[in-house]
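The chain contents come next:
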Amino acid sequence: VQLQASGGGLVQAGGSLRLLCAASGGTFGAGTVSWFRQAPGKERDFVAAITWIGGRTYYADSLKGRFAISRDNAKNSVYLQMNNLKPEDTAVYYCAARRHGRVGPLSNGNSYDYWGQGTQVTVSS
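Residues numbered from 1 in each chain as written. Predicted model: local features only at pLDDT ≥ 70, side-chain atom pairs only at ≥ 80, totals over all residues. Heavy atoms only, no water.

*Asks:* Please set out the overall build of the chain residue by residue, giving values where relevant.
*Replies:* On a plain count of helices and strands, the chain comes out with zero helices and eleven strands. Taken against the 2.2 N^0.38 rule, which gives 14 Å for 125 residues, the C-alpha radius of gyration of the chain at 13 Å falls within 12% of a compact globule. Reported as C-alpha extents along the three principal axes, the dimensions of the chain are approximately 40 × 30 × 25 Å. Residues classed as buried in the chain amount to 43% of the 125 residues present. Carbon and sulfur atoms form 47% of the exposed surface of the chain, whose accessible area is close to 6,300 Å². For the chain, the distance from the average position of its 13 positive side-chain charges to the average position of its 7 negative side-chain charges is 6 Å. (Helix = DSSP H or I, 4+ residues; strand = E, 2+ residues; numbered from the N terminus. Rg over C-alpha atoms; globule rule 2.2 N^0.38 Å. Buried < 20%, exposed > 50% of the residue type's maximum accessible area, 1.4 Å probe, protein only. Areas by Shrake-Rupley, 256 points an atom, 1.4 Å probe, with all protein chains shown as cover. Lys, Arg positive; Asp, Glu negative; His and termini not counted. Charge placed at Lys NZ, Arg CZ, Asp CG, Glu CD.)

Set out below in structure tokens:
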């Protein structure tokens, strides 16, 4: 399975962006798809996750209320709607998927089987 992340760009503070993670060469199956982000000089952080079956969502506490993850089963795609963006949201955003049955915290990037290439989000003040 190959993941393709897109939708990043330059936006002013307070603006919105919608990221897309599209799968090709396979499907997300019954696993979980997540978004992570990595700012320059910082570690990769968990952003949000959604289960492919059931659509349960999980968020980093600090992002609840501003970010929303969703999926489109028919298009084999996952979205990350980001609202009221702040300069501190500037980072490369990655989507990742892990197969059903993987255990451990969703925030553990090492538990994921597939990664997209990342899309840059820059928020200007």
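Continuing now.
*Asks:* I'd like to hear about the state of the cysteines, residue by residue, with values.
*Replies:* Going through the model one piece at a time under the given rule, you end up with one disulfide. In this model, Cys21 is linked to Cys95 through a disulfide, with the two sulfur atoms separated by 2.2 Å. Residues Cys21 and Cys95 are joined by a disulfide whose S-S torsion is about 70°; by sign, that bridge is right-handed. Taken as a pair, Cys21 in strand β3 (residues 17-24) and Cys95 in strand β9 (residues 91-98) lie far apart in primary sequence, 74 residues in all. The class of Cys21 is buried, set by a relative accessible area of 0%. The class of Cys95 is buried, set by a relative accessible area of 0%. (Disulfide = S-S within 2.5 Å.)

*Asks:* Tell me what's going on with the nonpolar core, and back it up with residues and numbers.
*Replies:* When a protein is soluble and globular, its nonpolar side chains tend to lie buried together. Core analysis: the biggest nonpolar cluster contains 35 residues, and Phe28, Trp35, Val78, Leu80, Met82 and Tyr93 have the highest contact counts within it. Those elements that provide at least two residues to this core are β1 (2-6), β3, β4 (32-38), β5 (44-51), β7 (67-72), β8 (77-82), β9 and β11 (119-124). Beyond its immediate stretch of four places on either side in the chain, Tyr93 contacts Ala5, Leu19, Trp35, Phe36, Arg37, Val47, Phe67, Leu80, Met82, Gly118, Thr119 and Val121. (Core = buried A, V, L, I, M, F, W, Y, C linked by side-chain atoms within 4.5 Å. Contact = heavy atoms within 4.5 Å.)

*Asks:* How would you explain the side chain of Arg37 if you had to name every residue and give the values?
*Replies:* Position of Arg37 among the secondary structure elements: in strand β4. A distance of 2.9 Å separates a polar atom in the side chain of Arg37 from a polar atom in the side chain of Tyr93. Setting aside anything within four residues of it in sequence, one finds Arg37 in contact with Glu43, Arg44, Asp45, Val47, Leu63, Phe67, Glu88, Asp89, Ala91, Val92 and Tyr93. (Polar contact = N/O pair within 3.5 Å; in protein donor to acceptor, adjacent residues only side chain to side chain.)

*Asks:* Before we move on, can you summarise the packing of aromatic side chains with the specific residues and values?
*Replies:* The tally for this structure, following the rule as stated, stands at five aromatic pairs. Centre to centre, the rings of Phe36 and Tyr112 are 5.2 Å apart; their planes meet at 85°, and the pair counts as edge-to-face. Linking Phe36 in strand β4 with Tyr112 in the loop between β9 and β10 (114-115), this pair joins segments that are 76 residues apart in sequence. Tyr112 shares its class with Phe36; the two are buried. Summarising the aromatic geometry, the rings of Tyr94 and Trp115 are spaced 6.5 Å apart at their centres and angled 75° between planes, so their arrangement reads as edge-to-face. With Tyr94 in strand β9 and Trp115 in strand β10, the pair connects residues that are 21 residues apart, well separated along the chain. The exposure class of Trp115 is partly exposed, given its relative accessible area of 29%. (Phe/Tyr/Trp six-rings, centres within 6.5 Å; stacked < 30°, edge-to-face > 60°.)

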